[in-house]
Amino acid sequence: MSNAMWDALAATPLPEVRRRAAIMDELAEVEPVTVTGARRLAWNDGGGQSAVWYFAQDGRVLLLTFDHESALNLYAEEDFALQESFYEGVPEFLVALVRDRPENYESLNLTDSETGRTIHYAGGVFWYDGTRWHVSDGLAEYCRREDADLFGESGFDYCLNVYRFGQDFTPETVVAIRGEDGSDEDEEETEADLPGVREVFTRHDY
């Protein structure tokens with residue numbers, strides 16, 4: 001499996017992954033949530049794309065990505081079994097973090113019409129076992145069967161770009177990215193953002 005973003009994530013120590021997730025969560029103005037045995041941190045671009053992290057107390061992690069313009073956006077399909085299949089191979093403890101939970105901006109619910117049970121929508125389902133990262137078996141199998149670009153269509157590449165794994169991650173680089181993507185209207189506004197971003201970084205220093 002060759003993907004630059006995947007390799008960069010895999011090479012990043014978990015404490016640094018969590019630090020970057022916490023910083024981007026705060027900058028995106030997403031309220032962190034504690035669920036049973038885990039802490040939820042998220043990022044969204046305000047346009048339908050998101051990354052959601054569940055950092056479990058035992059060192060495992062569940063990562064969900066979503067790109068509403070991709071082929072792996074199952075929101076319109078209303079196929080509970082297909083969405084649930086994307087979680088195949090993920091330990092049940094991690095899946096339980098997104099099953100029968102309230103929906104939110106980053107993760108809407110798909111409901112099983114027969115049982116009434118729900119599960120969060122996700123185009124990409126990835127998990128960390130305490131030592132290394134995995135693509136869920138169900139997602140990998142679906143992409144093989146449908147000849148889909150796993151990392152592109154799942155939103156993984158786009159949604160993890162803001163975390164700059166494998167690259168410098170500083171207030172200056174974050175502000176520069178926000179300026180490039182049109183979040184700030186001009187250079188003066190970009191510079192005005194810098195002190196606030198620096199404060200966020202300071203709060204999440206080791």
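Residues numbered from 1 in each chain as written. Predicted model: local features only at pLDDT ≥ 70, side-chain atom pairs only at ≥ 80, totals over all residues. Heavy atoms only, no water.

Asks: Describe the environment of G152, listing the residues and the values that go with them.
Replies: Within the secondary structure layout, G152 lies in helix α6 (residues 150-153). Placed 28 residues apart in sequence, G152 and G124 show a C-alpha to C-alpha distance of 9.6 Å. (Helix = DSSP H or I, 4+ residues; strand = E, 2+ residues; numbered from the N terminus.)

Asks: Could you give me a rundown of the nonpolar core, with the residues and numbers involved?
Replies: In terms of nonpolar packing, the biggest core is built from 67 residues, with W53, L160 and Y163 touching the most fellow members. For L160, the residues in contact, after removing those within four places along its chain, are M5, L9, A51, W53, L63, T65, G155 and F165. (Core = buried A, V, L, I, M, F, W, Y, C linked by side-chain atoms within 4.5 Å. Buried < 20%, exposed > 50% of the residue type's maximum accessible area, 1.4 Å probe, protein only. Contact = heavy atoms within 4.5 Å.)

Asks: Report on unusual backbone geometry, specifying residues and quantitative values.
Replies: With a phi angle near 55 degrees, D147 is a residue other than glycine that sits in the positive phi range. Positionally, D147 belongs in the loop between α5 (137-146) and α6. For D147, a relative accessible area of 74% gives the class exposed. Non-glycine residue R164 carries a positive phi angle of around 50 degrees. Tracing the chain through its elements places R164 in the loop between α7 (156-160) and α8 (171-180).

Asks: Explain the pairing of strand β3 (residues 50-56) residue by residue, including any values.
Replies: Summarising burial for β3: seven of the seven residues are buried, a large majority. A two-sided burial pattern is seen for β3, the buried positions comprising S50, V52, Y54 and A56 on one face and A51, W53 and F55 on the other. Sheet topology note: the strand β2 (residues 38-44)/β3 ladder contains seven bridges and is antiparallel. When the bridges of β3 are listed, A42 appears paired with V52. Linking two consecutive strands that pair antiparallel, namely β2 and β3, is a turn of five residues; a positive phi of about 75 degrees is found at G46 within it. Both β3 and strand β4 (residues 61-66) contribute to a ladder of six bridges, which runs antiparallel. (Pairing = 2+ DSSP bridges.)

Asks: For α5, give the residues involved together with the corresponding values.
Replies: Among all positions in α5, only G138, L139, A140, Y142 and C143 are buried. Residues of α5 that are buried make contact with α3 (80-85), β7 (124-128), β8 (133-135) and α6. Looking at the residues trailing α5, positive phi occurs at D147, about 55 degrees.

Asks: Give me the lowdown on the environment of V17, citing residues and values where you can.
Replies: Inspection of the secondary structure assignment puts V17 in helix α2 (residues 14-27). With residues up to four places along the chain from it excluded, the contact list for V17 reads L9, T12, W53, F55, W133 and F165.

Asks: Explain the pairing of β4 to me, and be specific about the residues and the numbers.
Replies: Of all six residues that make up β4, six are buried, and the element is covered over most of its length. In β4, alternate side chains face the same way, and those of V61, L63 and T65 on one face and L62, L64 and F66 on the other are all buried. Between β3 and the antiparallel strand that follows it, β4, lie four residues; G59 among them carries a positive phi value of about 95 degrees. As defined by bridge partners, β4 adjoins β7 across five bridges and the pair is classed as antiparallel. Residue L64 lies in a different strand from β7, and its bridge partner there is V125.

Asks: Describe α2, listing the residues and the values that go with them.
Replies: The end-to-end C-alpha distance of α2 is 20 Å, a good match for the 20 Å that 14 residues give at a rise of 1.5 Å each. Burial within α2 is extensive, with ten of its 14 residues counted as buried. Three or more residues of α2 are buried, namely E16, V17, R19, R20, A21, A22, I23, M24, D25 and L27. In the segment just after α2, E29 is the residue with positive phi, at about 60 degrees. (Expected span 1.5 Å × (residues − 1).)

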